[in-house]
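Report on the structure
The residues making up each chain are set out below.
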Amino acid sequence: MKILVVSKPWKGGLGRYFCHALKDMFPGKVEWVSTRPQGLADYLRFQRDPEGWWQSLRQRIDTADCAAVFFVGYRKEFRAIRPDMRNVLYIVDDVRMQPGDLGAFGRVFLSDPGYEKDLLALLPHDRFGGILPFAHYPPVHRPAQRAVRRHGVCFIGNRDAKRDYWIEQLLKNDIPVQIVGNYFMKAPVFWRHPFAFRPGVANDAMEGIYARHSVSFNIHAGVVRAGTNMRTFEAAGYGIPQVVEYLEGIEKYFEPEKEILFYRSPEDMAEKTSYLLGNPGFAQQMAQRAHKRAVAEHTYRHRIMTALGHLLPV
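What comes next is a walk through the structure. (Residues numbered from 1 in each chain as written. Predicted model: local features only at pLDDT ≥ 70, side-chain atom pairs only at ≥ 80, totals over all residues. Heavy atoms only, no water.)

So, about the environment of His298. By the secondary structure assignment, His298 is in the loop between α10 (280–297) and α11 (300–308). Not counting residues within four places of it along the chain, the set of residues in contact with His298 comprises Ala135, His136, Phe233, Tyr253, Phe254, Arg293 and Arg303. At 2.9 Å, the side chain of His298 forms a polar contact with the side chain of Arg303. (Helix = DSSP H or I, 4+ residues; strand = E, 2+ residues; numbered from the N terminus. Contact = heavy atoms within 4.5 Å. Polar contact = N/O pair within 3.5 Å; in protein donor to acceptor, adjacent residues only side chain to side chain.)

So this is what it looks like as structure tokens:
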């Protein structure tokens, strides 16, 4: 029995986390198929003949002797893959497909419940698997192993026009904040508060940032309509208290006021962040409850059983 994971070498780690979790469950049975050239020879082959490169990749998928093929993220090149009930697609964030694009997949899942109607307009209802939220991978997203002095608030994420506004509002309240991410030099808010920003870091370095801060705040990118993003689950795994922007449906994953604080306005965000900074005992208890919930319900092992449980042995 073989399981294929088809994804790009994701900077955010999503394909990597699914692949690692599957390897934990089925050692020696998981193969990763990259949707980006790997190595110089592969890159040159792609540059010479991109369509031939994709045709070879599709043939590799179509002829694989496997129990399941799990596609993390959609590519227009998938349209030409042979239809097979073993093909399971996980659509991340928004729905940009056209009619006929999803014919290769026996089941399709969606990360953002705000796009459910868009997807159902393109897909027979019996092939819609449902909403598959993001999760955390406990071997990576885990509480810091050593005690360090915690201070202030952190945000880890890439630049987004919506995020620029919320970051500006938080910085106006004189709350000690460190923003870690890419592209912020292009934003006016960076030039008004340059010492609050740090360059983006690799996924494995996030643990150290969370370990040095007392609170994590989370702003969803503009593309997210409902539910929440990866960072909410990961921060819960790291065991850091969180203040997260409220979106419809997020309370299905974590209980408001008990496991995570949610905000709906700049004033609400500043007030709740300050409250956690001033009440470290409550903040830590809340983080522990969120961590316990994440381990019990929100790991990539849980998501794999939802998405592929009908194809894999118990």
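What follows is about the nonpolar core. Membership of the largest hydrophobic core comes to 49 residues, with the highest contact counts inside it found for Leu14, Leu22, Tyr90, Tyr300, Leu308 and Leu312. Sort the elements by how many residues they give to this core and helix α1 (residues 14–25) lands first, with seven residues. Look past the residues within four positions of Leu312 in its chain and what remains in contact with it is Met1, Ile3, Leu22, Phe26, Ala67, Ala68 and Ile304. (Core = buried A, V, L, I, M, F, W, Y, C linked by side-chain atoms within 4.5 Å. Buried < 20%, exposed > 50% of the residue type's maximum accessible area, 1.4 Å probe, protein only.)

A word on the sheet that holds strand β5 (residues 105–110). Read from one edge of the open sheet, six strands run β2-β1-β3-β4-β5-β6, paired in parallel fashion. Of all strands in the sheet, those with a lone pairing partner are β2 (30–34) and β6 (128–131), marking the two edges. Strand-to-strand twist in this sheet, taken as the mean axis angle between neighbours without regard to direction, amounts to 20°. Looking at chain direction, strand β1 (residues 3–7) and strand β3 (residues 68–72) are connected through four bridges and run parallel. What sits directly across from Val6, in β3, is Phe71. Docked against the sheet, α11 engages β3, β4 (84–91) and β5, running at close to 120° with respect to β3. (Pairing = 2+ DSSP bridges. Axes fitted to C-alpha atoms, helices over the stretch in contact; angles between N-to-C directions.)

In the structure shown here, the tally under the stated rule is 25 aromatic pairs. Look at Phe18 and Phe70: their rings are 4.9 Å apart centre to centre, the planes differ by 75°, and that puts the pair in the edge-to-face class. You can see Phe18 sitting in helix α1 and its partner Phe70 sitting in strand β3, a full 52 residues away along the chain. You'll find Phe18 and Phe70 in the same group, each marked buried. Ring geometry for Tyr165 and Trp166: centres 5.6 Å apart, planes at 80°, overall edge-to-face. The rings of Tyr17, Phe18, Phe70, Tyr90, Phe134, Tyr137 and Tyr300 are connected pair by pair, giving a single aromatic cluster. The ring of Tyr246 has Arg264 sitting right over it, with the charged end atom 4.0 Å from the ring centre. (Phe/Tyr/Trp six-rings, centres within 6.5 Å; stacked < 30°, edge-to-face > 60°. Lys NZ or Arg CZ within 6 Å of the ring centre and 35° of its normal.)

For Gln242, the position within the fold is in strand β11 (residues 242–245). Relative accessible area serves as the criterion here: at 2%, Gln242 is assigned to the buried category. A polar side-chain atom of Gln242 sits 3.1 Å from the main-chain carbonyl oxygen of Thr232. If near-sequence neighbours (up to four positions away) are discounted, Gln242 is found in contact with Ser216, Arg231, Thr232, Ala235, Ala236, Ile260, Leu261, Leu276 and Met286.

Function-wise, these values are silent; they only describe arrangement.
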